[in-house]
Number of protein chains: 2
Amino acid sequence: MLNEIEIFGNQKKGENFIKSVEKKSFLFSVVISYTETCEIPDITIAGKDIESIKYTPAADVEYLHYGFCKCIDEIPMTPDGKPTPALLTKVALESSSIPHVVINAGSKINPLLPYFHTGLKPGKNITQEPALDSESLYKAIDYGRIIGRTLASLTNCLLIGESVPGGTTTALAVLRGLGYDAKVSSSMPNNPIELKNRVVDNALKRLQSNDPLMTVSYLGDPMIPFVAGMLTTASEITNVMLAGGTQMAAVLAFAKKIGFKETNTTIGTTSYIINDESANFVSILKKISDIPILAIDPKLDHSKFDGLKAYSKGFAKEGVGAGGSIIASILKTETDTERFLELTEKEYQRLFISQ
Amino acid sequence: MLNEIEIFGNQKKGENFIKSVEKKSFLFSVVISYTETCEIPDITIAGKDIESIKYTPAADVEYLHYGFCKCIDEIPMTPDGKPTPALLTKVALESSSIPHVVINAGSKINPLLPYFHTGLKPGKNITQEPALDSESLYKAIDYGRIIGRTLASLTNCLLIGESVPGGTTTALAVLRGLGYDAKVSSSMPNNPIELKNRVVDNALKRLQSNDPLMTVSYLGDPMIPFVAGMLTTASEITNVMLAGGTQMAAVLAFAKKIGFKETNTTIGTTSYIINDESANFVSILKKISDIPILAIDPKLDHSKFDGLKAYSKGFAKEGVGAGGSIIASILKTETDTERFLELTEKEYQRLFISQ
């Protein structure tokens, strides 16, 4: 039900956004990418073990599409078996018949399904060298602009989600590099703040410039400039919902520098991100831009399955556009989170219990 | 104006199709591919010289998107300088704000723009070996089905065009292999019928089966099963216009074997294809399926430029979905071919005269 969607930031703009997309058409796009920063030990749990992490973006979208993965045997999960948030995304999109497209903007592994090819390479480890050379940076923005324009012309509301292991660290670095005093959520309940801050501090030392392009080139990952490019063109044409947490804050901070239409833009996320006390999501976003933030509580704490309850306890709080997808499914079909929880438990059961 | 669109085949169904898409949303998809059959000397003029032919599909879509090519210096043209029909497609789509997506289903050269990646390889020379192995054939159909479903859910009318040098020869082979007594148009005014028939006869000798999958695998190119797959799923969801001539007849003949929804399907092409006496387009189509054929006369014989008049004289009569795009632009905006000719001359002038 619509009143389950909470609005943070500009209340009035949030209400207007909801009104303009209610019961309309939605298109979910998911940008997969990679940063070698995720290879720093203990920085992410977006994968069963260190070897699996690089498969996570490809496996996420394969699961989203087929209901199983092709490049690995099981769906992506944390080392102790908590499933990828793509599970939430899949249930939300399928239950409301929202179509999706996959964009490969530098994933280390190519998913085994049709996707938008960009030719972008994975980002480098930001503690060691610039994430992207300037040619790749310009290409990411340009190709993002092209795809954003095309997709925006096909829908009343373009959702943009991402899957980038280690991406909260590069997002933190970009936000800090652009002058925001950001703290960052992560997929771990005991967010390794110290480790992340050390990584970011090291990377920031190497940046000798205030230039936003240079900042993203040194500290980002290919997803950040790509999605910023998409937002730039898409927000001129239709409504856009950046579906995610801190990583989308970094996108927004960079997009602010290259221009986008604020009145058509929102961020959609889970209440787990909003309530994360180790991060300061809402206050940072308010500093970046006067856009509304839509949040949904997926009520997974009510689940009978521990693997789903884990989300509400801080594991994989967001990702693969989960929060935005749930919000879109409610906006499109006026379903409620009770029904969503029921379908999510059914899917969880199919994946992990029924064998 | 709507009355400029001629209907062949089932008149009533043609009128219904027009009514159901008039002033609605359109999406143009263009499938680029390759068959090594085009390397047989003199079989195609879809390129300035033998070395250029393989660049034509990539260059066509680059031109469509950017207004210039990136992989080669000039836009694709025949050896004596007649421009690619993509010129007509570009003018039609841009003048009516119809968005487009590029699908790479086996082009030898990858275009320098974002496109749907499928991982399909170019088709082999059908006089020497099977065009596609069975794994590639199944993948072409499967991936076509996936992309068809996605794109169809985003529009009221999905247009599907193609750019495959040498593709009329593989189309002829598939039609003959499936039991239709087809003759085939080509991009040359003196259609090298004898050469094509010899090539097809040689290829047919190697096919020892009536099975449609085997037929396409031996005699086709990756575009044919791919677009048939797209049609299968897309026609269940929305209106589909196959934009092209004989190659789309081959798609239809194969799609008939794997199933599609006839009531949502039409072929859109230029009157140059309908009037081509070396081919028997309308009568073959009637034998394949009771779908309507929509045709448009782009009136290029009225042009002041010989390079445009050439189309009406039989050069590059169709391709890159030119005919269907012009029809869609009329259906969407109720423009007329007089205005279309004006814009086409302006674009021709920009490309070839204003320097």
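Residues numbered from 1 in each chain as written. Chains lettered and ligands numbered in written order. Predicted model: local features only at pLDDT ≥ 70, side-chain atom pairs only at ≥ 80, totals over all residues. Heavy atoms only, no water.

**Q** When you look at the overall build of chain A in this model, what are you seeing that I'm missing?
**A** Per the secondary structure count, chain A includes 14 helices and eight strands. Reported as C-alpha extents along the three principal axes, the dimensions of chain A are approximately 50 × 45 × 40 Å. Within the span of chain A, comprising 355 residues, buried residues form 65% of the whole. For chain A, contacts bridging at least 24 residues in sequence account for 82% of all contacts bridging at least 6. Accessible surface, chain A as shown: approximately 12,700 Å² in total, 47% of it carbon and sulfur. Between the averaged position of the 36 positive side-chain charges in chain A and that of its 40 negative side-chain charges there is a distance of 3 Å. (Helix = DSSP H or I, 4+ residues; strand = E, 2+ residues; numbered from the N terminus. Buried < 20%, exposed > 50% of the residue type's maximum accessible area, 1.4 Å probe, protein only. Contact = heavy atoms within 4.5 Å. Areas by Shrake-Rupley, 256 points an atom, 1.4 Å probe, with all protein chains shown as cover. Lys, Arg positive; Asp, Glu negative; His and termini not counted. Charge placed at Lys NZ, Arg CZ, Asp CG, Glu CD.)

**Q** What is the right way to read the pattern of salt bridges from this model?
**A** Working definition: two side chains of opposite charge can pair if their charged atoms are close together. Throughout the structure, instances matching the rule amount to 27 salt bridges over all chains. When the shortest N-O distance is used, the salt bridge between E39 of chain A and K108 of chain A registers 3.3 Å. A residue pair is termed long-range when its members are at least 10 positions apart, and E39 of chain A in the loop between strand 2 (26-32) and helix 2 (56-66) and K108 of chain A in the loop between strand 3 (100-104) and strand 4 (115-117) qualify at 69 residues. You can call E39 of chain A partly exposed: its relative accessible area is 36%. A relative accessible area of 39% means that K108 of chain A is categorised as partly exposed. Ionic pairing is found between K23 of chain B and E334 of chain B, a salt bridge with its closest N-O pair at 4.0 Å. Residue K23 of chain B is located in the loop between helix 1 (11-21) and strand 2 (26-32), and its partner E334 of chain B is located in the loop between helix 13 (322-333) and helix 14 (337-352); the two are separated by 311 residues in the primary sequence. Residue K23 of chain B is classed as exposed on the basis of its relative accessible area of 57%. (Salt bridge = Lys/Arg side-chain N within 4 Å of Asp/Glu carboxyl O.)

**Q** So what exactly am I meant to see when it comes to the relation of the copies chain A and chain B here?
**A** With an RMSD of 0.0 Å, the fit of chain A onto chain B corresponds to turning through 180° and sliding 0.0 Å along the axis. The relationship between the two copies is best expressed as a two-fold rotation axis. Taking the C-alpha atom as reference, chain A places F116 of chain A closest to the rotation axis, 2.2 Å from it. (Least-squares fit on C-alpha atoms with pLDDT ≥ 70 in both.)

**Q** Help me understand the environment of R176 of chain A, please; the structure alone is not making it clear to me.
**A** Residue and element names in this part refer to chain A. Along the chain, R176 turns up in helix 5 (residues 167-177). Since its relative accessible area comes to 24%, R176 is described here as partly exposed. The spatial distance from the C-alpha of R176 to the C-alpha of D201 is 9.2 Å, given a sequence separation of 25 residues. With residues near it in sequence (within four places) discarded, R176 still touches A182, N197, V200, D201 and L204.

**Q** Looking at this structure, I do not really get the environment of K19 of chain A. What am I missing?
**A** The residue K19 of chain A is located in helix 1 (residues 11-21) in this model. For the pair K19 of chain A and L331 of chain A, spaced 312 residues apart in sequence, the C-alpha to C-alpha distance is 9.1 Å.

**Q** Help me understand the pairing of strand 6 (residues 239-243) of chain A, please; the structure alone is not making it clear to me.
**A** Successive side chains on a regular strand alternate, one facing one side of the sheet and the next facing the other. Residue and element names in this part refer to chain A. The buried fraction of strand 6 amounts to five of the five residues, a majority that puts the element mostly inside the structure. Residues N239, M241 and A243 point to one face of strand 6 and V240 and L242 to the other, with burial holding for every one of them. Here four bridges tie strand 5 (residues 157-163) to strand 6, and the two strands are oriented parallel to one another. Along strand 6, the bridge assignment pairs I160 with L242. Each parallel crossover has a hand, and for strand 6 linked through helix 9 (residues 246-258) to strand 7 (residues 265-270) it is right-handed. (Pairing = 2+ DSSP bridges. Right-handed = clockwise from strand over helix to strand, strands pointing away.)

**Q** Help me out: how do you make sense of the nonpolar core in this one?
**A** It is characteristic of soluble globular proteins that their nonpolar side chains tend to be buried jointly. In this structure, F226 of chain A together with F226 of chain B are the most contacted members of the largest nonpolar core, which totals 130 residues. Setting aside residues no more than four positions away along its own chain, F226 of chain B makes contact with V31, I103, A105, T118, L120, A140, Y143, G144 and I147 of chain B. Listed in part, the 52 residues of the second largest apolar core include I32, L87, A92 and Y115 of chain A. (Core = buried A, V, L, I, M, F, W, Y, C linked by side-chain atoms within 4.5 Å.)

**Q** Hey, could you run me through the packing of aromatic side chains in this one?
**A** The geometry of two aromatic rings is summed up by the distance between their centres and the angle between their planes. Throughout the structure, instances matching the rule amount to seven aromatic pairs over all chains. Taken together, the ring pairs in this structure connect F305, Y348 and F352 of chain A into an aromatic cluster. The positively charged end of K70 of chain B is found above the aromatic ring belonging to Y66 of chain B, 4.3 Å away from the centroid. Sitting over the face of the ring of Y63 of chain B, K90 of chain B holds its NZ or CZ atom 5.6 Å from the ring centroid. (Phe/Tyr/Trp six-rings, centres within 6.5 Å; stacked < 30°, edge-to-face > 60°. Lys NZ or Arg CZ within 6 Å of the ring centre and 35° of its normal.)

**Q** So what exactly am I meant to see when it comes to helix 11 (residues 281-288) of chain B here?
**A** Every α-helix carries 3.6 residues per turn, so stepping three or four residues along brings you back to the same face. Residue and element names in this part refer to chain B. Every buried residue of helix 11 is accounted for by F281, V282, I284, L285 and I288. All buried residues of helix 11 fall inside an arc of 165° around its axis, so they share one side. Among the exposed residues of helix 11, those oriented more than 90 degrees off its buried face are K286 and K287. (Arc of directions from axis to C-beta.)

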